[in-house]
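Now for the letters of each chain:
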Amino acid sequence: VPYRYGGTSPSTGFDCSGFVQYVYGMQGVDLPRTSRQMAGAGVAVSTRSMAVGDLMLFTQGGRISHVAIYAGNGRFIHSSSSGHGVRYDDLGTNRGRWFADHLVAARRVAGDGRILVNALAGGAIAFDHLDPPDSAPPPSR
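The structure displayed is predicted, hence computed values, not measured ones.

For the rest of this paragraph, the subject is the overall build of the protein chain. What the protein chain contains, in helices and strands, is four helices and eight strands. Listed by position from the N terminus, the elements making up the protein chain come as β-β-α-α-β-β-β-β-β-α-β-α. Burial status across the protein chain gives 48% buried among its 141 residues. A fraction of 57% describes how many contacts in the protein chain between residues 6 or more apart in sequence connect residues 24 or more apart. In the form shown here, the protein chain has an accessible surface area of approximately 6,900 Å², with 53% of it arising from carbon and sulfur atoms.

Counting through the fold element by element, Asp 15 comes out in the loop between strand 2 (13–14) and helix 1 (16–26). A residue is classified by how much of its surface remains accessible, and Asp 15, at 0% relative accessible area, is buried. Non-local contacts of Asp 15, meaning those with residues more than four positions away in its chain, are made with Tyr 3, Arg 4, Tyr 5, Gly 6, Gly 7, Arg 33, Ser 79 and Leu 130.

For the structure on display, the rule yields four salt bridges. With its nearest N and O atoms 3.2 Å apart, the salt bridge here joins Asp 15 to Arg 33. Linking Asp 15 in the loop between strand 2 and helix 1 with Arg 33 in the loop between helix 1 and helix 2 (35–38), this pair joins segments that are 18 residues apart in sequence. A salt bridge links Arg 87 to Asp 89, with the shortest nitrogen-to-oxygen separation between them at 3.0 Å.

With that settled, the discussion passes to the packing of aromatic side chains. Tallied over the full model, the rule gives six aromatic pairs. Judged by centre distance (5.9 Å) and plane angle (40 degrees), the ring pair of Phe 58 and Phe 76 falls under tilted. Pair noted here: Phe 58 is in strand 4 (residues 55–60) and Phe 76 is in strand 6 (residues 75–80), with a separation of 18 residues, a long-range link. Note on accessibility: Phe 58 and Phe 76 belong to one class, buried. One aromatic cluster in this structure is built from Phe 58, Phe 76, Trp 98 and Phe 99. One Lys or Arg, Arg 75, reaches over the ring of Tyr 88 and ends 4.4 Å from the middle of that ring.

We now examine the environment of Ala 105. Here Ala 105 is to be found in strand 8 (residues 103–108). Ignoring anything within four residues of it in the chain, the contact list for Ala 105 reads Thr 47, Leu 55, Met 56 and Leu 57.

Moving on, we get to the nonpolar core. Counting residues in hydrophobic clusters, the biggest one holds 16 residues, and the most contacted among them are Val 20, Tyr 24, Leu 31, Leu 55 and Val 67. Considering every element that reaches this core, the biggest residue donor is helix 1, with four residues. Beyond its immediate sequence surroundings of up to four residues, Val 67 is in contact with Cys 16, Ser 17, Val 20, Ser 35, Met 38, Leu 55, Met 56, Leu 57, Phe 58 and His 78. The next biggest cluster of nonpolar side chains, apart from the first, holds 13 residues, and it includes Ala 68, Phe 99, Leu 103 and Ala 106.

What counts, and at which threshold
- Residues numbered from 1 in each chain as written.
- Predicted model: local features only at pLDDT ≥ 70, side-chain atom pairs only at ≥ 80, totals over all residues.
- Heavy atoms only, no water.
- Helix = DSSP H or I, 4+ residues; strand = E, 2+ residues; numbered from the N terminus.
- Buried < 20%, exposed > 50% of the residue type's maximum accessible area, 1.4 Å probe, protein only.
- Contact = heavy atoms within 4.5 Å.
- Areas by Shrake-Rupley, 256 points an atom, 1.4 Å probe, with all protein chains shown as cover.
- Salt bridge = Lys/Arg side-chain N within 4 Å of Asp/Glu carboxyl O.
- Phe/Tyr/Trp six-rings, centres within 6.5 Å; stacked < 30°, edge-to-face > 60°.
- Lys NZ or Arg CZ within 6 Å of the ring centre and 35° of its normal.
- Core = buried A, V, L, I, M, F, W, Y, C linked by side-chain atoms within 4.5 Å.

Listed below in structure tokens is the structure:
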């Protein structure tokens, strides 16, 4: 599926948070729309103890701007502008090192739909704008 800024559909393309929101939504888990909003969902976990399915949050320009789903063994799946769409990447590769250097947080989300209670209490996390494209190096061929 290609990368599309603001995209939320497998038929037209995804941006990073649109992809994560879609995947979790297919499992009955409601997540907010942007990576910055997702940073308040679920519970914080150490990036050193991530489990399969945890959200990985990356910063660029001093703020959270990208989100991915941890797939285990250093791999993650995401919709990446620099990777031209939905793909797996590995933190141990040259490309993956960019993401490792920008990884700032991980969140574990529950599957019961109550993950937003803390994040959205009192409307504290408002929609601001969509996540910008990432600037990771392109995949090597």
